[in-house]
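Below, each chain spelled out in residue letters.
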Amino acid sequence: MTPAGRIQAAIDLLGAVEAEARRPADAIANDFFRTRRYIGSGDRRAVSELAWGAIRQRMRLAWQLERLGSLTDARRLLIAHLLLVEGWPPQKLAGHFTGDRFAPAPLDAAEVELVRRLAGQPLLHPEMPQEVRLNLPGWAAQGLAARFGETLPAEAAAMEGAAPLDLRVNLLKTTREAARLALAAEGIAAEPTPYSPWGLRVADRKPVLNTAAFKDGLVEVQDEGSQLIALLTDARPGMRVADYCAGAAGKTLALAAAMGNRGHIVACDVSAPRLEGAAKRLRRAGVDNAERHLLVPGDKWRKRRGRSFDRVLVDAPCTGSGTWRRNPDARLRTTAQDLAELSAKQAAILADASDLVRPGGRLVYATCSLLPEEDEMQIERFLARHPDFVALPAPALWAGLCPAVPWPAEGPFMALSPARHGTDGFFAAVLERRP
Ligand SMILES: C[S@@+](CC[C@H](N)C(=O)[O-])C[C@H]1O[C@@H](n2cnc3c(N)ncnc32)[C@H](O)[C@@H]1O
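Since the structure is predicted, the reported quantities are computational estimates derived from the model, not experimental observations.

Peer 1: Any chance you could explain helix 5 (residues 74-85) here in plain terms?
Peer 2: Residue pairs spaced three or four apart in an α-helix point in one direction, given the helix's 3.6 residues per turn. Between its first and last C-alpha atoms helix 5 spans 15 Å; for 12 residues at 1.5 Å apiece the expected length is 16 Å, and the two agree. Among all positions of helix 5, only A74, R76, L77, L78, I79, A80, H81, L82, L83 and L84 are buried. Looking one or two places after helix 5, you find G87, whose phi comes out positive at around 70°.

Peer 1: Explain the sheet that holds strand 3 (residues 199-202) to me, please; I cannot follow it from the model alone.
Peer 2: Judged by pairing direction, the sheet is antiparallel, and its four strands sit side by side in the order 2-3-1-4 without closing on themselves. Edge positions in the sheet fall to strand 2 (190-192) and strand 4 (219-221), since each has one partner strand and no second. Each strand axis lies, on average, 35° off the axis of its neighbour in the sheet, ignoring direction. Where strand 1 (residues 165-169) lies against strand 4, three bridges are found, and the strand directions are antiparallel. Bridge pairing in strand 4 places R168 opposite E220.

Peer 1: Could you clarify how one ought to interpret helix 15 (residues 272-285) in this entry?
Peer 2: An ideal rise of 1.5 Å per residue puts 20 Å on 14 residues; helix 15 measures up with 20 Å between its terminal C-alpha atoms. Listed as buried for helix 15 are L275, A278, L282 and A285. Projected down its long axis, helix 15 carries its buried residues within an arc of 70°, all on one side. Along helix 15, exposed side chains directed more than 90 degrees from the buried face belong to P273, K280 and R283. Residues of helix 15 that are buried in the fold lie against strand 4, helix 14 (250-258), strand 6 (264-269) and strand 7 (290-294). G286 sits one or two positions beyond helix 15 and adopts a positive phi of about 75°.

Peer 1: Is there a simple way to think about the environment of G422 in this case?
Peer 2: With respect to the secondary-structure elements, G422 resides in the loop between helix 21 (418-421) and strand 12 (426-433). Look at G422 and you get buried, because 21 C-beta atoms sit within 10 Å. For the pair G422 and A404, spaced 18 residues apart in sequence, the C-alpha to C-alpha distance is 19 Å.

Peer 1: How do you make sense of the nonpolar core when you look at a structure like this?
Peer 2: Nonpolar side chains in soluble globular proteins generally cluster together in the buried interior. Core analysis: the biggest nonpolar cluster contains 72 residues, and V312, V314, Y365, A366, M414 and A428 have the highest contact counts within it. Those residues in contact with A366 that sit more than four places away from it in its chain are I229, L313, V314, D315, A316, F426, F427 and A428. With 31 residues, the next largest nonpolar core counts V17, A54, L77 and V115 among its residues.

Quick notes on the rules
Think of each chain on its own: its residues are numbered from 1, step by step along the sequence as written. Side-chain atom pairs in this predicted model are given and counted only at pLDDT of 80 or more, local residue features only at pLDDT of at least 70, and totals for whole chains, interfaces and linings cover all residues. Only DSSP runs of H or I reaching four residues or more are called helices, and only runs of E reaching two or more are called strands; each is numbered from the N terminus. By this rule the span expected of a helix is its residue count minus one, scaled by 1.5 Å. Exposure criterion: with C-beta atoms placed from backbone coordinates, a residue whose C-beta has 20 or more other C-beta atoms within 10 Å is buried, one with 12 or fewer is exposed, and one in between is partly exposed. When DSSP finds two or more bridges between two strands, those strands count as paired. For every element, the axis is a line fit to its C-alpha atoms; helices are fit only across the contacting stretch, and the angle between N-to-C directions ranges from 0 to 180 degrees. Within this analysis, the arc is defined by the directions that extend from the helix axis to the C-beta atoms. C-beta atoms are first placed from the backbone for all residues, and any pair lying within 7 Å is then listed as a contact. By convention in this section, buried Ala, Val, Leu, Ile, Met, Phe, Trp, Tyr and Cys residues joined through C-beta atoms within 7 Å make up a nonpolar core.

Here it is as structure tokens:
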């Protein structure tokens, strides 16, 4: 592909993402390249980099275009990206927009004027509103400001950074040090994570899925923050545990390992395909104390198993505002209405799941969001309606679990953020049903 051809392909990919505002951009990109097999791997990388660059900066680019009265279609977003982010001079841009075979059409008069006004300008404009400057969508800006206060700019910047590749060592099969050595023997350098006693952080994000260590179930890919949620659940050998929103079993695997494969764990979800995906992972990890349960409307299972579990983990569906480093398009896809709907859903799931907790047992509520609406406020509302539950202070629980590592968060709950902890953004609260 010529450099100009790559630009046109990036415009086409960006156009496909813009046209399907509700679908994850990586799924759209996969379809895009699947139907264009002629694009080789080097070109594919270059096209993706351009398109993802514009997706990451979309809010700022669109603001700059709108300020000049321009359309904000994929072509102009990419032009703005090349000028404001990549720092291209106008001549270079015009040299690629030639209309030659596979190249983008020549700039029209309005675009020439646009290029003239944007060229040499910084991406951040003095009149940019704070939320655009910080790359925060309107539906989340207030909540994040409430959580972070003065540190919001540093936190917002960290949310634009690259996420590390973390692994959880499967203690059913190995130790952290042995897994580290096994990976090193396959050319993958990794270091222990700072907070999780089960974690390894892979240097340079080297891919691990093809290593024997991964295929043999010695390690699983899991953000350190996610590992801490499983740790805080404090599932012990012999307990009865429900992972109520288990998905593809990311946390079930960690809980089963903490239980040493003893006791019983039920991985529940409303999604059959996700539970299907869990089966393979459970097998690979050598977990044999877990069953999967598909929750269906009118399910009698919850009633039958009422008040019988020692631990119930609710890893609730959420906006995912803590995972923007990995999914930069999620900030664009979600709306205020989504937040309101998710919040109602979280409250309903939490209330349903609480039925399963035995007296003296614990209910752990977690999200990968940092919005108080999905986190602390959810817990406050639940406790107001369920006086038979009390919140347990997470710092004290942590001190019992990991005495050698200082508790990483503040307050009674666990709130982790990319800037402070290097993890994705996570929240967890531990509640106990009064004996
Ligand atoms: C954050 S994801 C779970 C991720 C998973 N725990 C892990 O660690 O990989 C939330 C899950 O909640 C499930 N879910 C959505 N509505 C639900 C409901 N009403 N009851 C139970 N699970 C639900 C979704 O299908 C999704 O798999």
